[in-house]
Amino acid sequence: MKSTDIITLDVGGSIYRTTRSTLTRFPDSMLGVMFSGRIPTHQDENGRYFIDRNGDMFKYVLDFLRSSSLCLPDGFKEFGLLEVEADFYQIEELIDAVRKWPRGHFDQSADYLSVSFSCEGEDSEVVVVARDDVLDELVDKVPNLKRLCKEKLFESLSKCGFMFAHMWNCTASACDKYIFIRKTNNLL
């Protein structure tokens, strides 16, 4: 292995060492394009490539690049942040893996709810994802759930005890996503 094949990254202040082949595993991703030589890259005075992103989340991105599988620790709760980072790096396979992560890994003392609003075309689509029992409750309490405008839907969710937790614009899927949480033990 040549020394030029080892890459040192400074991601939001966290230092990572890896190989060029790892970073280019998904050639159409932002990292694949950066480190394949298709666009110019610059190193700092220490020979590191600086990426102004979440350094803590990057370890999961890098592990995915190394193994092509998503491995998260027990009790991991930062799914929204990880999906935002996967979207930034344009790693479609990682975006899909985060979205498909089993619900059993969520904090069992809370109800989670994801609401997506498509941004494409005239017809806005609303997608609500939650456990079946939570969806059943919402359908009973919020008539026309999928036809409400954003503000009315958020107001209705608030009346059902949900608090807004996180929002991001997902450029890969052209939608706005919102995460809501409701503690089931009334600690919220």
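Up top is the structure.
Now for a look at the structure at hand. Nothing here was measured: the structure is a model prediction, and the numbers come from that model.

**Considerations on the nonpolar core**
- Core analysis: the largest hydrophobic core is formed by 30 residues, its most contacted members being Leu 9, Leu 31, Phe 58 and Leu 82.
- If you list the elements that add at least two residues to this core, you get strand S1 (6-11), helix H2 (30-35), strand S3 (49-51), helix H3 (55-67), helix H4 (79-88) and helix H5 (92-99).
- Residue contributions to this core peak at 7 residues, all from H3.
- Once residues within four sequence positions are removed from consideration, Leu 31 is found in contact with Leu 23, Thr 24, Ile 51, Phe 58, Leu 65 and Tyr 89.
- Among the nonpolar cores identified, the runner-up in size contains 16 residues, and Val 128, Ala 130, Val 134 and Leu 138 belong to it.

**Considerations on the pairing of S1**
- Counting buried residues along S1, 5 of its 6 residues qualify, which places the element largely inside the surrounding structure.
- As paired strands, S1 and strand S2 (residues 14-19) are joined by 6 bridges and run antiparallel to one another. The residue bridging Asp 10 from the neighbouring strand is Ile 15, located in S2.
- Connecting the antiparallel pair S1 and S2 is a turn made up of 2 residues, with Gly 12 showing a positive phi of about 55°.
- Inspection of the sheet shows S1 paired to S3 by 3 bridges, in the parallel sense. Looking across to S3, one finds that Asp 10 is bridged to Phe 50.

About the thresholds
Residues numbered from 1 in each chain as written. Predicted model: local features only at pLDDT ≥ 70, side-chain atom pairs only at ≥ 80, totals over all residues. Heavy atoms only, no water. Core = buried A, V, L, I, M, F, W, Y, C linked by side-chain atoms within 4.5 Å. Buried < 20%, exposed > 50% of the residue type's maximum accessible area, 1.4 Å probe, protein only. Helix = DSSP H or I, 4+ residues; strand = E, 2+ residues; numbered from the N terminus. Contact = heavy atoms within 4.5 Å. Pairing = 2+ DSSP bridges.

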